[in-house]
Amino acid sequence: MSWKDCLAWEKSGLPLSTTSNEAAKMYDAVVTQYMSGYNDDSVGGIKTCMEKMLEADPNFVLGYATKYGSALLGAGTCIWSNPELKTNIDNMVKLAENSNISQIEQLHVDAVKLWSVGKTEAACDKWEEVLLNCPTDMLAFRCAFLGHFVRGESTRLREYMAQVLPHWKSSTSPQIYSYARGRYSFGLVETNFYDEAEKEAQETLEVNPRDAWAVHTISHVKEMQCRPDDGIAFVEKKVDDITGSPVQPHIYWHKALYYFEKGDYESTLSLYDDKLCHLMKQENLLYITDAAALLCRLELNGVNVGDRWHGIYDACTPNLDTHANAFNDIHFLMAANGAEHRDVADKFIDSIKTLVSDYDPCNAHLNVYKDVGLPLLQSLQSYDQENYSAAVDYLYPLRYNVVELGGSNAQRDVFNLFLIHAAMRSPQQRHTLIARNLLNGRKAQRTSSTMVDSLLERL
């Protein structure tokens, strides 16, 4: 593939401040791989391209914004637990002040700095400001997508993409445009436009069968519409097409959810053992949270998962002191309790209490911990201690705020199921009524769910 040099970037309407053609080309390689979701082996993959980009121009400000923004939006690190990252971001800001960079590059720098200190909404505003002026800026497109996803802002996620997609259609290659459409289809499914999402994703796959986000979208549609048999058939047909994408293992997770919905727990566990458990060695946070949520669902339904929690817990341990993301931390606690490391679980919650005790009210990350993350963690801990009434009392009042944790509707559904099971186990009559209401609401959305029927029969 031919990568854009400095002149090509200028002709595209996105001039770079670097004078190094090699840095410009490697920047193109990085953001193109970000959009596709695949590492391009011909250039060594994203990590190698990032290194080559900054080696070619150690003063390339936008290159640093790309690197540090990616680290932050990956939700695995933060400046309060990673002093080196804080220093690097401060140095990037100083370099920007002393460099002749464009307004667009300055917006990227500002966005990364704002995100790092917890001003996440302002950061997303900056990325959208970039897109207002340069609607085909791939870096801003990706950062806004991840920013809104982490913040649980599905409507904004859908809308900003809808606003810029016409520019992508007229100004980018069909393949790059397809990657943008695949992500847009995900915005549609997350805002309950299921038919529109499936249509958009199917059309995307006709152009680019390897578009992992389009495959992902259709997997979500079939999950949210409770079409497990269709979902299983779809995954079996399409999953090999996206080999090499980091989304592929997550698609197997969706397949496991289809089996779970059908009550086929043997197939759910077999899929976990064959396709998911070995991924714990990669210490990828998506795979860790997927695995924890799946075992949690199974245990809620009374399935003995054996010693499977230990592998997940081992993968969590390097991240237990990071507290970069409340959504992830909740799954880490599931693993600690599941592996029966309850002393670790207690200390884990205590450390989060300390984190939020002197929090900055302007820091959205910490606000989410204080308002949603900590109560949900306490709910999980109460359930583990068989204090089901307390588990309900912690979670029920904030059930509509759980979206602030980020993630997808399918990922957060484990908290809906958890609340239902806690309410069913609670000795309080009011909680039994809550369980029935929650199940009735779930049945209205998933009319063919035999799992909901079986739970209602138990009340």
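Report on the accompanying structure. (Residues numbered from 1 in each chain as written. Predicted model: local features only at pLDDT ≥ 70, side-chain atom pairs only at ≥ 80, totals over all residues. Heavy atoms only, no water.)

**A closer look at the overall build of the protein**
The secondary structure content of the protein amounts to 24 helices and 0 strands. Whereas a compact globule of 459 residues would reach a radius of gyration of roughly 23 Å, the protein reaches 22 Å, a difference of no more than 12%. By principal-axis analysis of the C-alpha atoms, the protein measures approximately 70 × 50 × 35 Å. Here the protein holds 459 residues, and 58% of them are scored as buried. Nonlocal contacts in the protein, meaning residues at least 24 apart in sequence, comprise 62% of its contacts between residues at least 6 apart. If you sum the accessible surface of the protein, you get close to 19000 Å²; carbon and sulfur atoms cover 47% of it. (Helix = DSSP H or I, 4+ residues; strand = E, 2+ residues; numbered from the N terminus. Rg over C-alpha atoms; globule rule 2.2 N^0.38 Å. Buried < 20%, exposed > 50% of the residue type's maximum accessible area, 1.4 Å probe, protein only. Contact = heavy atoms within 4.5 Å. Areas by Shrake-Rupley, 256 points an atom, 1.4 Å probe, with all protein chains shown as cover.)

**Description of the packing of helix H23 (residues 429-445) against helix H24 (residues 450-457)**
Following both chains from N to C, one finds H23 and H24 inclined at 155°, their axes separated by 10 Å at the closest point. On the basis of the axis angle, H23 is roughly antiparallel to H24. The chirality of how H23 crosses H24 is left-handed. Two secondary-structure elements touch here, H23 through Arg436, Leu439, Asn440, Arg442 and Lys443 and H24 through Met451, Val452, Asp453, Leu455 and Leu456. Of the residues contributing to the contact of H23 with H24, the split by class is 5 nonpolar, 1 polar and 4 charged. (Axes fitted to C-alpha atoms, helices over the stretch in contact; angles between N-to-C directions. Parallel < 35°, antiparallel > 145°, perpendicular 65-115°, else oblique. Left-handed = near helix turned anticlockwise from the far one by under 90°. Nonpolar A, V, L, I, M, F, W, Y, C, P; charged D, E, K, R; others polar.)

**A few points about the packing of helix H2 (residues 21-36) against helix H3 (residues 45-56)**
Running from N to C, H2 and H3 point in directions that differ by 155°, and their axes come no closer than 8 Å. Taken together, the axis directions place H2 and H3 in an arrangement best described as roughly antiparallel. Judged by the sense of rotation from one axis to the other, the crossing of H2 with H3 is left-handed. Across from Glu22, Ala23, Met26, Tyr27, Ala29, Val30, Gln33 and Tyr34 in H2, the residues of H3 making contact are Gly45, Ile46, Cys49, Met50, Lys52, Met53 and Ala56. Taken together, the residues of the contact of H2 with H3 break down into 11 nonpolar, 2 polar and 2 charged.

**Considering the nonpolar core**
Side chains of a nonpolar character, in soluble globular proteins, are inclined to be buried together. One finds Trp168, Trp309, Ile312 and Leu405 to be the most contacted residues of the largest nonpolar core, which totals 170 residues. With 11 residues, the single largest contributor to this core is helix H16 (residues 285-300). Setting aside residues no more than four positions away along its own chain, isoleucine 312 makes contact with Tyr272, Met280, Ile288, Ala291, Ala292, Leu295 and Ala335. (Core = buried A, V, L, I, M, F, W, Y, C linked by side-chain atoms within 4.5 Å.)

**Some details on unusual backbone geometry**
Across the chain, the bulk of peptide bonds are trans and the bulk of non-glycine residues have phi less than zero. Phi angles above zero are rare outside glycine, and alanine 75 is one such case at about 65°. Examined against the element boundaries, alanine 75 turns out to sit in the loop between helix H4 (61-73) and helix H5 (83-97). With a relative accessible area of 13%, alanine 75 lands in the buried category. Although it is not a glycine, asparagine 192 sits at a positive phi angle of roughly 70°. Looking at the secondary structure, you find asparagine 192 in the loop between helix H10 (174-190) and helix H11 (194-207).

**Section: the packing of aromatic side chains**
Within the structure shown, the criterion is met by 14 aromatic pairs. For the ring pair tryptophan 9 and tyrosine 27, a centre distance of 5.3 Å and an interplane angle of 50° mean the geometry is tilted. Note that tryptophan 9 is positioned in helix H1 (residues 6-11) and tyrosine 27 in helix H2, a separation of 18 residues in sequence. Here tryptophan 9 falls in the buried class, since its relative accessible area comes to 4%. (Phe/Tyr/Trp six-rings, centres within 6.5 Å; stacked < 30°, edge-to-face > 60°.)

**Digging into H3**
Counted at 1.5 Å a residue, the expected span for H3 with its 12 residues is 16 Å, and the 16 Å between its end C-alpha atoms agrees. Listed as buried for H3 are Gly45, Ile46, Cys49, Met50, Met53 and Leu54. Contacts from the buried residues of H3 go to H2 and H4. (Expected span 1.5 Å × (residues − 1).)

**A short note on the environment of threonine 87**
Tracing the sequence through the fold places threonine 87 in helix H5. Note: C-alpha distance between threonine 87 and glycine 244 (157 residues apart in sequence) is 34 Å.

**Remarks on the side chain of lysine 238**
By secondary structure assignment, the location of lysine 238 is in helix H13 (residues 228-238). Taking the relative accessible area as the measure of exposure, lysine 238 reaches 10% and is therefore buried.

**Comments concerning the pattern of salt bridges**
Taken as a whole, this structure holds 25 salt bridges when the rule is applied. The salt bridge involving arginine 227 is made with aspartate 230; its shortest N-O contact spans 3.4 Å. Residues participating in the shared-partner salt-bridge network are Glu223, Glu261, Asp413, Arg442 and Arg446. (Salt bridge = Lys/Arg side-chain N within 4 Å of Asp/Glu carboxyl O.)

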